[in-house]
Amino acid sequence: MKKTLLLLILSPGLLLTAARAQDKKGAAAPPPAVDTTKKKPAGITDKVKSSRKIDGLFTMYQDTATGTLQLYVKKSQLGKEYIYQSFSLSGPNSLYLNQSMHRATAVFKIEKAFDKLEFSGVNTRFWYDANNPISKTAGVDKPEAVFLVEKTVAEDADGYLISADGLFISEKLDPVKPLLPPGIPPTAIFNLGNLNPAKSRYSNVRSFPHNSDIIVDLAYDNPAPYNNGTNDITDARYVRVRMQHSLIEMPQNDFHPRRDDPRVGYFSEQITDQTSISPVPYKDIIHRWYLKKKDPNAALSEPVEPIVYWIENTTPVEYRQTIIDAGLKWNEAFEKAGFRNAIQMKIMPDDADWDPADIRYNVIRWVSSAQPVYGAIGPSFVNPKTGQIIGADITIEWFSGSATPIYDELFRGFSANGNTLQFPGMNPQHEENCTLASELKSQLLTGMTVLDATGASANDIKEMHKQFLTYLIMHEMGHTLGLNHNMKASQMLSPTEINNTEITHKLGLIGSVMDYPAINIALDRSKQGDYYTTKAGPYDLWAIEYGYTPFNEGEEAAGLKTIVARSTDPQLVFGNDGDDMRSPGKAMDPRVNVNELTSDAIGYAEDRFKLVNQTMGKLVQKYSKDGQSYAELRSRYGTLLSQRYSMVAAVSRYIGGVQIDRSFPEQKSGVKPYTPVPLATQKRAMEVLNKYVFAPDAFDADAQVFAWLQPQRRGFNQNNSGDDFRATSTLLSIQTDAALSHILHSATLLRMTNSRLYGNQYSVATMMGDLQKGIFSADIATNVNVYRQNLQTYFVRQLVSIVNPQNQGVDDVSKAAALYTLKKIKTQLATAVSTNDETKAHRANLLFMIDKALEVK
Ligand SMILES: [Zn+2]
């Protein structure tokens, strides 16, 4: 009862609701203790003599001398379904084993087979109408997944005792280690080696009426590690990973699963109706909390159990109020769904007697990892059978010290994001790892650099940071409420509206806090509005209304239809990660993207290019500071480059883009599901790229800083081949990785041709001709600078590669266009004027490449 007393002192008014809060199921559970009063039948008594008893959902006995654990399974528990959820609590970040990673979710059951207990997973991906005789075939052709069979060591009238070590000191429930696909050398990643059960142990075992948590320290040995991992790995031969296994009772309540809708972005369970003859037999259900009105008849009522978030006591004191305020802002959305005070925010007392990893508490945690890989995560875990969210945590990565990523490191991080690895322990349906904080941080650093370099006050920068943190918390909390990303939301306002605080304070800057927007910085500094949106946007209010509005029996289908019918409102536009165009060649609607802003992302990017170029000129003076090296200058320069990179990526996606509309026929939106981007818009994107990215003078502003970009020497950390800044390759990658690799991607080219059949007016041949003009014409009559030499060579090499008959990945229309463009370049080069050797050499090389590609074989 100590906990209750603490709450009383902190906030007496909250006592009643707190006692009922969702994070406190079973709060009255007594602390684990040795039970000496209950009479145990012979057999079991013998086996648990030297053990302490841990009573709860599952009763366990831990030997006080050896630490081994035995599990008592009641006969009444056989055949029942339970939820399993694993968490990593501490381990190598590079393997996603860091604190609070929500890993495997499964439904399992225990059955008796002769003298053994069988543990098996339950397939929750199908639904059967019980009235249909086909439902009798429910188990057919869904192979049982028995993951453990354990011999019973004792038995009494009520149940069976087994050794639990094979279940928990093992990888049976959660495979822990990533799989290395064939062809990737084992040295490519840090490798844990093999589990050593003898060196592993139980760290904590706790059991409550509705859940049991078994926390284990798994020891891994790798006698010959070829990859020593990153700085966080103390000794690559010996690594301990702390994992939590949580066994959870199936919630017993009147929670109703809610159907998923493609127009609103919730995490979901994909379930197929096996008794339906519909061609789309989907019964997908969304993830949401169980909220029930205290007063079912009131339009607005407090929930019986609010959703309570605890701010971990490790949170920096100066940020706590901002986090509380940010969290409570979600209540505006819940009011649209009929709930008052649905969200409660509390601070974990310094002397709290509970562990933040206790699944009964939703905790906002902070970590400062050696190698941040995610930035921030806001995962939740659910009952896979109903979609009910049972618990959630948010972890914010504290980017420590001066480890500000410079451009090249930043993007190396992106490409190494685990694409080549598979993480079998992670639920593939829960792609809830959010890289928002790292994206947002890059945006924030740009904002800070621009403000700092243009002489803004410390208060202005503080305000920017506060808005950043508010946005970050609201975004991660949105995930824990069931919402996935809405990468289209940043399209809500026009460039003229975005700095109008009369609009933005009422509506927000963007439709949803679930986007990864560019930071809003006005090119004209006197016109600056808000940097980030700091309230739930129209889409967020609507999405919560969809997910949480309670309906009377029989009224839900019609009620949901009315709500979702509003999806054609421009303020409610939605597109999630599946549609976003962050990677070259991925997806098709340029409005669904990261790191851009406003309904005119091209015009906004143009302003940002100007802002970056203006700021370049201020860097050397501002960051040549007494008492420090030039490392900060290099880092600040890196943030401006990453800003340029993301704007180039956003603009390039309009070329060959096709807009998606997911409204249903009955909404009569007047918009077809697929509409090619208008020719004028595609041409405009091309012009902006030609002017700010491909032009000979595109990076002239950068020349002011190159001679100062010196990293700080630490030990012997200098690059073996010299630590000067690799300007040519780094800036080339803005032209190529951010733009051309998308425009010339086989998927983009093929779509340009296919969409010609339903409205696209920009052919591949015309587009390549426009690239040719942008990349060759401006300096055809003069010498060619090094940026343009690299760019022209890259372009010719890509065209040659497309033309190559061995290249089967590109369609023939595009091959023809590439050949035609090569010939045009050859003709154009014949008119070129070169006066220096460098240019003559460069053009000779181009002609050599083209002739080789065109020669008849
Ligand atoms: Zn996110």
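Parameters at a glance
Residues numbered from 1 in each chain as written. Predicted model: local features only at pLDDT ≥ 70, side-chain atom pairs only at ≥ 80, totals over all residues. Heavy atoms only, no water. Helix = DSSP H or I, 4+ residues; strand = E, 2+ residues; numbered from the N terminus. Buried < 20%, exposed > 50% of the residue type's maximum accessible area, 1.4 Å probe, protein only. Contact = heavy atoms within 4.5 Å. Areas by Shrake-Rupley, 256 points an atom, 1.4 Å probe, with all protein chains shown as cover. Phe/Tyr/Trp six-rings, centres within 6.5 Å; stacked < 30°, edge-to-face > 60°. Lys NZ or Arg CZ within 6 Å of the ring centre and 35° of its normal. 1 Å grid on protein atoms, 1.4 Å probe; cavity = no way out; pocket = protein on both sides within 12 Å on 5 of 7 lines; lining within 4 Å. Points joined across faces, edges and corners; volume = space filled by probe spheres on them. Nonpolar A, V, L, I, M, F, W, Y, C, P; charged D, E, K, R; others polar. Polar contact = N/O pair within 3.5 Å; in protein donor to acceptor, adjacent residues only side chain to side chain. Expected span 1.5 Å × (residues − 1). Pairing = 2+ DSSP bridges. Axes fitted to C-alpha atoms, helices over the stretch in contact; angles between N-to-C directions. Parallel < 35°, antiparallel > 145°, perpendicular 65-115°, else oblique. Left-handed = near helix turned anticlockwise from the far one by under 90°. Arc of directions from axis to C-beta. Patch = residues over 30% accessible without salt bridge, like charges linked within 9 Å, V, L, I, M, F, W, Y side chains within 5 Å. Salt bridge = Lys/Arg side-chain N within 4 Å of Asp/Glu carboxyl O. pLDDT = per-residue confidence, 0-100.

## Quick word on the overall build of the chain
Now for step 1: The secondary structure content of the chain amounts to 21 helices and 25 strands.
Now for step 2: Evaluated residue by residue, the chain yields a buried proportion of 54% over its 857 residues.
Now for step 3: Summarising the internal contacts of the chain: among those between residues at least 6 apart in sequence, 74% fall at separations of at least 24.
Now for step 4: Put simply, the chain shows about 37,000 Å² of open surface, and 53% of that area lies on carbon and sulfur atoms.

## With respect to the packing of aromatic side chains
Any pair of aromatic rings gets described here by the distance separating the centres and the angle formed by the planes.
Now for step 1: Using the criterion set out here, one finds 19 aromatic pairs in the structure.
Now for step 2: A centroid spacing of 5.5 Å and a plane angle of 80° characterise the contact between phenylalanine 699 and tyrosine 787, whose relative ring orientation is edge-to-face. Of this pair, phenylalanine 699 sits in the loop between α15 (679-694) and α16 (727-743) while tyrosine 787 sits in helix α19 (residues 786-803); the two residues are 88 residues apart in sequence, bridging distant segments of the chain. Each member of the pair, phenylalanine 699 as well as tyrosine 787, is classed as buried.
Now for step 3: Within the aromatic cluster, the residues linked to one another by ring pairs are Phe58, Tyr82 and Phe108.
Now for step 4: The ring of phenylalanine 208 is capped by arginine 360, whose NZ or CZ atom sits 3.7 Å from the centre of that ring.

## Observations concerning empty space enclosed by the protein
Now for step 1: Scanning all chains against the criterion turns up four cavities of 30 Å³ or more.
Now for step 2: If you add up the space inside the second largest cavity, you get close to 60 Å³.
Now for step 3: Taken together, Phe87, Leu89, Ser100, Gln244, Pro356, Ala357, Asp358, Ile359, Tyr361, Arg365 and Asp393 make up the full set of residues lining the second largest cavity.
Now for step 4: Of the residues belonging to the lining of the second largest cavity, the class tally is six nonpolar, two polar and three charged.

## Digging into the environment of arginine 843
Now for step 1: Relative to the helices and strands, arginine 843 resides in helix α21 (residues 837-854).
Now for step 2: Through-space distance from the C-alpha of arginine 843 to that of glutamine 789 is 8.5 Å; in sequence the pair is 54 residues apart.
Now for step 3: At a separation of 3.1 Å, a polar atom in the side chain of arginine 843 contacts the main-chain carbonyl oxygen of threonine 782.

## Notes on unusual backbone geometry
Now for step 1: Even without being glycine, valine 176 reaches a positive phi, approximately 60°.
Now for step 2: Residues other than glycine seldom take positive phi values, yet lysine 668 does so here, at roughly 45°.
Now for step 3: According to the relative accessible area criterion, lysine 668 is exposed, its value standing at 71%.

## A word on helix α14 (residues 631-652)
Now for step 1: If you check α14, its first and last C-alpha atoms are 32 Å apart, about what 22 residues at 1.5 Å a residue would give, namely 32 Å.
Now for step 2: Along α14, 20 of the 22 residues are buried, which leaves the element largely enclosed by surrounding structure.

## What to know about the pairing of strand β13 (residues 238-249)
Now for step 1: With eight bridges joining them, strand β4 (residues 81-90) and β13 adopt antiparallel strand pairing. Opposite serine 88, over in β13, you have methionine 243 as the bridge partner.
Now for step 2: Of the pairings in the sheet, the one linking strand β12 (residues 211-221) to β13 comprises 11 bridges and is antiparallel in character. Opposite tyrosine 220, over in β13, you have valine 239 as the bridge partner.

## Re the packing of helix α13 (residues 601-623) against α15
Now for step 1: Here α13 crosses α15 at 5°, and the two axes come no closer than 10 Å. Our classification of the angle between α13 and α15 gives roughly parallel. Contacts from Ile602, Gly603, Glu606, Phe609 and Lys610 in α13 reach Thr681, Arg684, Ala685, Val688, Tyr692 and Val693 in α15.
Now for step 2: Across the contact of α13 with α15, the residue classes tally to six nonpolar, two polar and three charged.

## Some points on the environment of tyrosine 637
Now for step 1: As for its position among the elements, tyrosine 637 is in helix α14.
Now for step 2: For the pair tyrosine 637 and phenylalanine 706, spaced 69 residues apart in sequence, the C-alpha separation works out to 9.5 Å.
Now for step 3: Setting aside residues no more than four positions away along its own chain, tyrosine 637 makes contact with Met616, Leu619, Asp702, Val705, Phe706, Leu709, Phe725 and Leu731.

## Considerations on the pairing of β12
Now for step 1: Most of β12 is tucked away: 11 of the 11 residues are buried.
Now for step 2: Side chains Asn211, Asp213, Ile215, Asp217, Ala219 and Asp221 project from β12 onto one buried face, and the interleaved Ser212, Ile214, Val216, Leu218 and Tyr220 project onto a second face that is buried too.
Now for step 3: In the sheet, strand β11 (residues 201-207) pairs with β12 via six bridges, with the strands oriented antiparallel. The residue of β12 that forms the bridge with asparagine 204 is isoleucine 215.

## A short note on the packing of α14 against α15
Helices that pack against each other are described as a pair by the angle of their axes relative to one another and the distance between those axes.
Now for step 1: At a minimum axis distance of 9 Å, the contact between α14 and α15 shows a crossing angle of 155°. With respect to each other, α14 and α15 are oriented roughly antiparallel. Here α14 runs over α15; the crossing is left-handed. On α15, the residues that touch Val648, Val651 and Ser652 of α14 are Ala685, Val688, Leu689 and Val693.
Now for step 2: Of the residues in the contact of α14 with α15, the class split is six nonpolar, one polar and no charged.

## A look at the side chain of asparagine 331
Now for step 1: Assignment of secondary structure puts asparagine 331 in helix α6 (residues 331-336).
Now for step 2: For asparagine 331, a relative accessible area of 8% gives the class buried.
Now for step 3: In this structure asparagine 331 touches Phe339, Asn341, Ala342 and Ile343, once residues within four positions along its chain are discounted.

## A look at α21
In an α-helix, one turn spans 3.6 residues, which is why side chains three or four residues apart end up on the same side.
Now for step 1: Over its 18 residues, α21 runs 26 Å from end to end, which matches the ideal 26 Å to within 8%, given 1.5 Å per residue.
Now for step 2: For α21, every residue scored as buried is listed here: Thr839, His842, Arg843, Leu846, Met849 and Ile850. One side of α21 carries all its buried residues, which in axial view fall inside an arc of 120°. Set apart from the buried face of α21 by more than 90 degrees, the exposed residues are Asp837 and Phe848.
Now for step 3: Buried residues belonging to α21 abut α18 (764-776), α19 and α20 (812-830).

## What to know about a nonpolar patch on the surface
Now for step 1: Where nonpolar side chains cluster on the molecular surface, the patch consists of Tyr674, Leu757 and Tyr758 and spans about 350 Å² of accessible area.
Now for step 2: Under the relative-accessibility criterion, leucine 757 is labelled exposed at 71%.

## Examining the confidence of the model for the chain
Now for step 1: Within the chain, residue pLDDT values average 88, and 88% of them lie at 70 or more.
Now for step 2: The low-confidence segment residues 1-21, where pLDDT is below 50, has 32 contacts with residues more than four positions distant or belonging to other chains.
Now for step 3: Low pLDDT, under 50, characterises residues 400-420; the stretch is placed with 30 contacts to residues that sit more than four places away or in other chains.

## Things to note about the pattern of salt bridges
Now for step 1: Within the structure shown, the criterion is met by 41 salt bridges.
Now for step 2: Note that arginine 263 and aspartate 261 form a salt bridge whose closest N and O atoms lie 2.8 Å from each other.
Now for step 3: Residue class for arginine 263 comes out buried when judged on its relative accessible area of 6%.
Now for step 4: With a closest N to O distance of 3.6 Å, glutamate 332 and lysine 535 form a salt bridge. Here the residue glutamate 332 occupies a position in helix α6, and lysine 535 occupies one in the loop between α10 (501-507) and α11 (538-548), the gap between them amounting to 203 residues.
Now for step 5: Taking relative accessible area as the criterion, lysine 535 reaches 14% and is therefore assigned buried.
Now for step 6: Within this structure, Asp452, Lys622, Lys625, Glu632 and Arg636 form a network of salt bridges that share partners.

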